[in-house]
Amino acid sequence: MENKILRIENLNAYYGDNHVLKNINMEIYEKKITAVMGPSGCGKTTFIRCINRLHELTPNAKVEGKIFLRGKNIYEMHPVVVRQKIGMVFQRPNPFPTMSIYDNVIAGYKLNGIKLTREERDKIVKESLEKVGLWDEVKNFLFKRGTFLSGGQQQRLCIARAVAMNPEILLLDEPTSALDPIATRRIEELIVKLKETVTILLVTHNIAQAGRVSDYTAFFYMGEIIEFGTTEKMFTVPENKKTEEYLTGKFG
Amino acid sequence: MKKLRGRIFLDRVFFFTIVALSTITIAPLFLILFHIIKNGISAINWDFFFSLPKPTGEEGGGIANAIVGSAIIVGIATLLLVPLGVFTGVYLSENRETKLSNVVRTLTEILQSTPSIVMGIIGYIWLVRTMGTFSALAGGIALGIMMLPIIVRTTEEVLNLIPEDMKEASYALGVPYHRTILKVVLPAGFNGITSGILLGISRIAGETAPLLFTSFGNQFMNLNILKPMSAIPLVIFVYSSSPYPDWWRMAWGASFILVIFVLILNILGRLLGTRWKTRF
Amino acid sequence: MRILENKLKLLKEELTDLVASVRKTINDSMEALKNRDENLCKRIIEGDDEIDFKSIDLERKVLQIIATQHPQAEDLRIVSSILFINIDLERMADHCVDIAEETLTIVDKPHLKPLIDLPRMKDTCIEMLDGAIESFLNKDVDLAMKIIEKDDILDKLNWQIFRELLTYMMEDPRNIRRANALILISQHYERIGDHITNICERTIYIVEGKMLKTNPHQPRY
């Protein structure tokens, strides 16, 4: 029986007067990969930024509705707590340039002033880097700056940084759109491996990627959720005509 | 064919004119440096750095008190006004469009174009009269206020160049705003901000007018910031307008030290600045 | 493991499961005929529904893999071949249903003659099916070619049974009913063999990229 870890209820989001997300109702299954796809401007990025409460930091941004994480409304929790439970990886790799690889991985702890012993720190760094397949590649120069790595490695470092905090949910905002095909494939395989330990929400404008990687897919269009279901079904027998048109490339 | 040759000739003339004019522009700088070095180098000796001025008319002595004084006054300016300037710069960078930030920006620019002598007079009225005495503290504050616009502007520009990505990465880890600024944004801009501070210091190190009205000068070594203190620009001013050739020599020496100091700070500041720029 | 590799592995397992069902049905069909077992015949006919469901399910899974993973080159040939093999397997099961229906028409009367060649045909079919699937899973072209040659045996046995039963029919008109049924059953086993050779042709296609069309015992590229 698949557990539902996140329930989104009547979510509406605004940038000033612009009604960007219209009455979104959705549930996310635990330890599965849910892809959110749709043409540019459909609201998919705004959607995940509402889930880790990053959206409200933009000036003139407004959010209405409820999002329940394991039954608790995240809008009634302190945003800092929410963001420690729901991690995010961004479109362009953005390791902290003033920190070494080691420090980047435990940045979430260091910057929050969470005290750890030397052993605990080493353990977290090693495990996180192993989870993303970087450990062997960087173990001999953990104290070099993160910005010397290739694009794909930097992105994996950012994933390690997010994963080190042991979040319940990992939000990925078009994580491979800035990378070459081989780096993209490695990260896709990594995402599939990661779902064993963390629920994943993946925003992508690449339909093929959504198909390859995800268990469930949500199709957004003009701020509304048009269809949601298992990827295998949606890609072979979509229920909604708009979904069919998007998949067959008639628009977007 | 004739037209073409004419054009090529014009090109050459134009080119040489530009080179000549540029040389003429740089020439004064080199002449000044040359002059200062030529006249000042003879005054430089161990005594010059480490002894106090001799009473009027006597030969010898040094400007140890001025060197120490300049260091203290510039130190006060830095300690008091740099944190203020950096945080103002942070505020302006974080709030680009608000009414308050626009007002602050305009006022900062006005502050920058205020003549240094006006600064001196204001310093006299606000600080010297209130405290009842000339003091190094007043001098430091006056100089600091002159340095403030540079710090604010450099900090704001440096922080504006930091990609929004980096702050969002920090927020996404659950790091609150104040820690993000202190531990992520400022360290990222560290080189650029330091470069701005060094340039600011080099700018005020040689300011004389404000000090005339605030710090005033002192024949003796004084470490009490609530009392008048000597400084290198003051020494240059006083000695060069005196009738003693020995003092003129020392004025050249002081000028020499000052110019070297400002030059070094300037070069360091720019070096740090370019190293920082390649970071992202 | 690559995402696609994983999914292909699961797909092949489903295929093997379908093959096991069809194999059992072939064996059952001969059991029902030998033992004149009316109930087994009925079970074979009803059991075909289950095989049809499995077959439809397999097709659906193949389409999902094509839609979501975009297999290329050899992977694409494997996946598309599974679609064709699926059809052949389903047809083979249908032939078994036909055999059971023919059996039902003569189940009340004793056997015309001891069954020797028909069981041999069935055994050859089973051997061929096992070999065909093994060659598919291991991409073994040599084995595939051997299995294709074995189809000869089925053709010859079919012809032999026909000639023998012809004499029975000419001898006594009361034999015609049973003889005819046996001739038809023999033809069904021969068709089953043809379907199995199709599976072997798919294996060769996967490995060599060329379709081998075997028509009356003459390989032609």
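Everything quoted here is computed from the prediction, not taken from an experiment.

**What to know about the overall build of chain B**
Logical step 1: Broken down by element type, chain B carries 12 helices and zero strands.
Logical step 2: Of the regular secondary structure in chain B, the N- to C-terminal order runs α-α-α-α-α-α-α-α-α-α-α-α.
Logical step 3: The C-alpha atoms of chain B give a radius of gyration of 24 Å, which is well past the 19 Å a tight globule of 280 residues would have.
Logical step 4: Its C-alpha atoms give chain B principal-axis dimensions of roughly 70 × 70 × 35 Å.
Logical step 5: Among the 280 residues that make up chain B, the fraction classed as buried is 41%.
Logical step 6: Restricting the contact set of chain B to residue pairs at least 6 apart, pairs at least 24 apart contribute 75%.

**Digging into the overall build of chain A**
Logical step 1: Of the regular secondary structure elements, chain A holds 11 helices and 10 strands.
Logical step 2: Seen through its C-alpha atoms, chain A measures out along the principal axes to roughly 55 × 40 × 40 Å.
Logical step 3: Sorting the 252 residues of chain A into buried and exposed places 46% on the buried side.

**Some details on the interface of chain A and chain C**
Logical step 1: With 10 residues of chain A at the contact, the number on the chain C side is eight residues.
Logical step 2: A class-by-class count of the residues in the side of chain A that touches chain C yields four nonpolar, three polar and three charged.

**Remarks on the pairing of strand β10 (residues 224–230) of chain A**
All names here are of chain A.
Logical step 1: The pairing of strand β9 (residues 216–221) with β10 spans six bridges and is antiparallel. When the sheet's bridge partners are listed, Ala218 is paired in β10 with Phe228.
Logical step 2: In this structure, the hairpin formed by β9 and β10 is closed by a connection of two residues, where Met222 is found at a positive phi of approximately 50°.

**Overview of the domain arrangement of chain B**
All names here are of chain B.
Logical step 1: Entries for chain B in the domain assignment read domain 1 (2–43) and domain 2 (63–277).
Logical step 2: A straight line from the C-alpha centre of domain 1 to that of domain 2 covers 33 Å.
Logical step 3: With eight residues of domain 1 in contact, the opposing surface of domain 2 contributes seven residues.
Logical step 4: The class makeup of the residues in the side of domain 1 that touches domain 2 is five nonpolar, three polar and no charged.

**Some thoughts on the sheet that holds β10(A)**
Residues and elements named next belong to chain A.
Logical step 1: What the six strands build is an open sheet, ordered β6-β7-β8-β3-β9-β10; its pairing is mixed. Because the sheet does not close on itself, it has two edges, and the strands there are β6 (86–89) and β10. Strand-to-strand twist across the sheet, computed as the mean angle between neighbouring axes with direction ignored, equals 20°.
Logical step 2: The pairing of strand β7 (residues 169–173) with strand β8 (residues 199–204) spans five bridges and is parallel.

**Things to note about the interface of chain B and chain A**
Accessible area lost upon the coming together of the parts serves often as the stated size of an interface.
Logical step 1: Contacts between the two partners involve 18 residues from chain B, matched on the other side by 19 residues from chain A.
Logical step 2: Mapped by element, the contributors of at least two residues to the side of chain B that touches chain A are α7 (164–172) and α8 (177–188) of chain B.
Logical step 3: For the side of chain B that touches chain A, the element with the highest residue contribution is α7(B), accounting for seven residues.

**Observations regarding the pairing of β9(A)**
Residue and element names in this part refer to chain A.
Logical step 1: Across the six residues of β9, six count as buried, placing the element largely inside the fold.
Logical step 2: As paired elements, strand β3 (residues 33–37) and β9 share four bridges and run parallel to each other. Among the inter-strand pairings, Ala35 is bridged to a residue of β9, identified as Thr217.

**A closer look at the sheet that holds strand β1 (residues 4–15) of chain A**
Residue and element names in this part refer to chain A.
Logical step 1: In space, the four strands of this open sheet follow the order β2-β1-β4-β5, with antiparallel pairing throughout. Taken across any chain shown, the strands that pair with only one partner, and hence form the sheet edges, are β2 (18–29) and β5 (72–73).
Logical step 2: Bridge analysis of strand β4 (residues 61–69) against β5 gives two bridges, and the strand direction is antiparallel. Following the sheet pairing, Phe68 is matched in β5 by Asn73.
Logical step 3: Each of β1, β2 and β4 touches helix α1 (residues 44–51); the most contacted strand, β2, lies at about 65° to it.

**Re the nonpolar core**
Side chains that are nonpolar tend, in soluble globular proteins, to be buried together.
Logical step 1: Counting 139 residues, the largest nonpolar core has A:Val36, A:Leu202 and B:Ala254 as its most contacted members.
Logical step 2: Setting aside its immediate chain neighbours within four residues, A:Val36 contacts A:Lys44, A:Phe47, A:Ile48, A:Leu201, A:Leu202, A:Val203, A:Ala218 and A:Phe220.

**A few points about the packing of α7(B) against α8(B)**
Residues and elements named next belong to chain B.
Logical step 1: Running from N to C, α7 and α8 point in directions that differ by 150°, and their axes come no closer than 10 Å. When the axis of α7 is compared with that of α8, the two are roughly antiparallel. Considering the relative orientation of α7 and α8, their crossing is right-handed. The segment α7 lies against α8, with Met166, Lys167, Ser170 and Tyr171 engaging Thr180, Val184, Val185 and Ala188.
Logical step 2: Residues belonging to the contact of α7 with α8 are distributed by class as follows: five nonpolar, two polar and one charged.

**Comments concerning the environment of A:Glu244**
All names here are of chain A.
Logical step 1: Along the chain, Glu244 turns up in helix α11 (residues 241–247).
Logical step 2: Taking the C-beta count within 10 Å as the criterion, Glu244 has 14 such neighbours and is therefore assigned partly exposed.
Logical step 3: Once the C-alpha coordinates of Glu244 and Val203 are considered, the two residues, 41 residues apart in sequence, prove to be 19 Å apart.

**Points about helix α9 (residues 190–204) of chain B**
Logical step 1: Here α9(B) spans 21 Å end to end across 15 residues, near enough to the 21 Å set by a 1.5 Å rise per residue.
Logical step 2: A large share of α9(B) lies buried, amounting to 11 of its 15 residues.

**Looking at the packing of helix α3 (residues 64–94) of chain B against α9(B)**
Residue and element names in this part refer to chain B.
Logical step 1: For the pair α3 and α9, interaxial distance at closest approach is 11 Å and the crossing angle is 140°. Taken together, the axes of α3 and α9 are oblique relative to one another. The chirality of how α3 crosses α9 is right-handed. Residues Val74, Ala77, Thr78, Val82 and Val86 of α3 lie in contact with α9, whose contacting residues are Ile193, Ile197, Ile201 and Ile204.
Logical step 2: Looking at side-chain class alone, the contact of α3 with α9 contains eight nonpolar, one polar and no charged residues.

**Here's the deal with the environment of C:Arg163**
Residues and elements named next belong to chain C.
Logical step 1: Examined against the element boundaries, Arg163 turns out to sit in helix α5 (residues 141–171).
Logical step 2: For Arg163, a count of 8 C-beta atoms within 10 Å gives the class exposed.
Logical step 3: A sequence separation of 159 residues divides Arg163 from Leu4, and the C-alpha atoms of the two residues are 52 Å apart.

**Considering the confidence of the model for chain B**
All names here are of chain B.
Logical step 1: Model confidence for chain B is summarised by a mean pLDDT of 88, while 96% of its residues fall at 70 or above.
Logical step 2: Here helix α2 (residues 46–50) stands out as the element of chain B with the lowest mean pLDDT, 78, in contrast to helix α4 (residues 99–112), whose mean of 93 is the highest.
Logical step 3: We note a pTM of 0.80 for the whole complex and an ipTM of 0.91 for its interfaces.

The rules behind each value
Residues numbered from 1 in each chain as written. Chains lettered and ligands numbered in written order. Predicted model: local features only at pLDDT ≥ 70, side-chain atom pairs only at ≥ 80, totals over all residues. Helix = DSSP H or I, 4+ residues; strand = E, 2+ residues; numbered from the N terminus. Rg over C-alpha atoms; globule rule 2.2 N^0.38 Å. Buried ≥ 20, exposed ≤ 12 C-beta atoms within 10 Å, placed from the backbone. Contact = placed C-beta atoms within 7 Å. Nonpolar A, V, L, I, M, F, W, Y, C, P; charged D, E, K, R; others polar. Pairing = 2+ DSSP bridges. Domains from an automatic or database assignment. Axes fitted to C-alpha atoms, helices over the stretch in contact; angles between N-to-C directions. Core = buried A, V, L, I, M, F, W, Y, C linked by C-beta atoms within 7 Å. Parallel < 35°, antiparallel > 145°, perpendicular 65-115°, else oblique. Left-handed = near helix turned anticlockwise from the far one by under 90°. Expected span 1.5 Å × (residues − 1). pLDDT = per-residue confidence, 0-100.

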